[in-house]
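Given next are the chains, with one letter for each unit.
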Amino acid sequence: MPPGWTMLSSQGSIKGKHRVIYPVLQNLISRTWKDFSTKNPATCLPLPHHVHTPLGARIRTRGGGRKRTKSSSIFYLPHRIWPPRPSVAAAAAATTKMGLEMEAMAASIGVSVPVLRFLLCFVATIPTGLLWRAVPGATGRHLYAGLTGAALSYLSFGATSNLLFVGPMVLGYLAMLLFRRHAGLITFLGAFGFLIACPLNPLMSYANFEKRALTCFVLITSHVAYMSGDAWKEGGIDATVKIAYPVIVSFHNLICLCNAGALMVLTLKVISCAINYSDGILKEEGLREAQKKYRLTKLPSLIEYFGYCLCCGSHFAGPVYEMKDYLEWTERKGVSGLHHLCVGYAIFCLFLMFGNLLQIWASPTPSPLLPTLRAIVQAGVCMGLYLYLSPKFPLSRFSEPLYYEWGFWHRLFYQYMSGFTARWKYYFIWSVSEAAIIISGLGFTGWSESSPPKAKWDRAKNVDILGVELAGSSVQLPLVWNIQVSTWLRYYVYERLIQKGKKPGFLQLLGTQTVSAIWHGLYPGYIIFFVQSALMINGSRVIYRWQQAVSNSVLHSILAFLNFAYTLLVLNYSCIGFQVLSFKETLASYQSVYYVGTIVPIVCVLLGKVIKPARKPKAQKAE
């Protein structure tokens, strides 16, 4: 150990609350310095003689020789306090046991301890959402929503992780407060700029980060590089968490990479809130239905804004929702006030979960028990399928010679199975988020028109699994995949790119997909995927128009099947770029199947210019 790291302490300083802390810290610092000096021999300095002097002996100082007794303030070494006293040993043993249990649990599911901690906090959003029902008063619920989200983020990513969210939150609120007319545009550009450029070194590897940490250079890694980027590609969540725990520097948690997903969700929230507040000064004439529905005429208070931004149910992975919906939910207004939850049911649920809580405030939503259980079971099935399939269809296969030795149909099948496997990871995440939003009551959107009426939880739903896997048309995919983000893109990008009096076209679609690509991260694979998806949707529209134009039922069925096969082929071909990310690997995987997923959409679009189906008369359309 270097001389500056030895602890100056009195004999009594290791008593009381410091009895556990000091030995553990001293042992940790000793091991850390040992690792550091091994990697950097030049920096390992010899220790002064007085550091090795036994406790209570004569110690040489700069001012001359001087006696110090046991009771005086002296330097001490780890061997003087380790092994610790019995109570200290018991506490350390308990900590070690807990760590071993976490390690065993993490090893059993094939992840690291940090990943397990994240998953536990992520699943904890479900009981946290249920407890929201017991919080009295709108202000209390706003505070509870924000504080629980911040607390779970702290437990998952570290003490300073929440500082990451301050930038876009402050930017959005100041824009609404000072520049209402242009608040939406300012927040849009600023929040996306922060999302992209908040890190200083977007392509820094783990090894480089460690070297800079050892030389006390703390460089911030980026959303651009690691949100579903190289670290995810190399090992899912686990690879990103490795970067969150380097050896010496601890305050790098400021930009914990797992927080990138939460930052992405927060970006959409603050932008929609600012745009809706700007829409509040516009006249209703000429506004679209979504603008009329979600416009804000009054500036939300800081507490309301805080709760909306960090609400625990959607903080980690969405879904995205509107400020107006959040306010109505928190203040128990709107459709949420039509029916009341049985108090006995809530008490029963809390009794099962926490045992000691015997009271809860009634919540103004229908019983969420069955929808929540369905979402939890769905999450378990999705995780099981992903864990089963991912070893059989690894992403690394695309860079192996074996893959290129296969025939065309084998490679095409592997591309399909690779995309199919990867989607179950997202299904799991969104199912857990759905359960948390449903059980909190925020997901309730009214009642169906069926007889008897059934409760709808559309605000919580982020994916329709069967709708994705059995999509009859590529046009349907944005309606069933990442539903709330797709809705956000439609309201705040696609519809606002359409000029009044004109129909939307390919340019509006391409602009929307480009914004989506930037939101995910500036990787070539993302850009290629979203441009490819714009082609895919446009080609599917051509087939659909042909399908609607024919009157022969057999030909209609053939075209419907062709549209289904087209969607299956192009979707799983395109999503390889979303997974491998690099330009070289993306093109190599596309080339391995002769760019079939790119050529087919282009051919369909060109044929649509030549073979134009006859338009049906307006009277026939009305029928």
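Residues numbered from 1 in each chain as written. Predicted model: local features only at pLDDT ≥ 70, side-chain atom pairs only at ≥ 80, totals over all residues. Heavy atoms only, no water.

By the naming in an unreviewed UniProt entry, the protein chain is Lysophospholipid acyltransferase 1, taken from Dichanthelium oligosanthes. Checking UniProt for the protein chain, the heading Subcellular location (unreviewed entry) contains the comment "Membrane". (UniProt positions renumbered as here; feature names shortened; annotations may be inferred.)

## Quick notes on a nonpolar patch on the surface
A cluster of nonpolar side chains, namely Leu163, Val166, Val170, Leu174, Leu177, Leu178, Phe179 and Ile186, defines an oily patch on the protein surface of about 720 Å² accessible area. Sort the elements by how many residues they give to the nonpolar patch and helix α7 (residues 166–178) lands first, with five residues. Position of Val166 among the secondary structure elements: in helix α7. (Patch = residues over 30% accessible without salt bridge, like charges linked within 9 Å, V, L, I, M, F, W, Y side chains within 5 Å. Areas by Shrake-Rupley, 256 points an atom, 1.4 Å probe, with all protein chains shown as cover. Salt bridge = Lys/Arg side-chain N within 4 Å of Asp/Glu carboxyl O. Helix = DSSP H or I, 4+ residues; strand = E, 2+ residues; numbered from the N terminus.)

## What to know about the pattern of salt bridges
Once the charged atoms of two side chains with opposite charge are near each other, the side chains can pair. Applying the stated rule across the entire model yields six salt bridges. Arg423 is the salt-bridge partner of Glu469, the closest N and O atoms lying 2.8 Å from each other. Of this pair, Glu469 sits in helix α21 (residues 465–469) while Arg423 sits in helix α20 (residues 408–440), and the two are 46 residues apart along the sequence. The exposure classification of Glu469 matches that of Arg423, with both residues buried. (Buried < 20%, exposed > 50% of the residue type's maximum accessible area, 1.4 Å probe, protein only.)

## Examining the packing of helix α6 (residues 138–157) against helix α16 (residues 323–330)
It is the contact of α6 with α16, at a shortest axis distance of 9 Å, that shows an interaxial angle of 125°. Considering the angle they form, α6 stands oblique to α16. On α16, the residues touching Ala138, Arg141, His142 and Ala145 of α6 are Tyr326, Leu327 and Thr330. Grouping the amino acids of the contact of α6 with α16 by side-chain chemistry returns four nonpolar, two polar and one charged. (Axes fitted to C-alpha atoms, helices over the stretch in contact; angles between N-to-C directions. Parallel < 35°, antiparallel > 145°, perpendicular 65-115°, else oblique. Contact = heavy atoms within 4.5 Å. Nonpolar A, V, L, I, M, F, W, Y, C, P; charged D, E, K, R; others polar.)

## Topic: the nonpolar core
In this structure, Tyr305 and Trp488 are the most contacted members of the largest nonpolar core, which totals 56 residues. Both domains that furnish three or more residues to this core are identified here as domain 1 (103–224 + 237–352) and domain 2 (403–610). Ignoring anything within four residues of it in the chain, the contact list for Tyr305 reads Pro168, Met169, Gly172, Tyr173, Met176, Val270, Cys273 and Met323. Grouped together as the second largest cluster of nonpolar side chains are 42 residues, Val115, Tyr414, Ile429 and Ile439 included. (Core = buried A, V, L, I, M, F, W, Y, C linked by side-chain atoms within 4.5 Å. Domains from an automatic or database assignment.)

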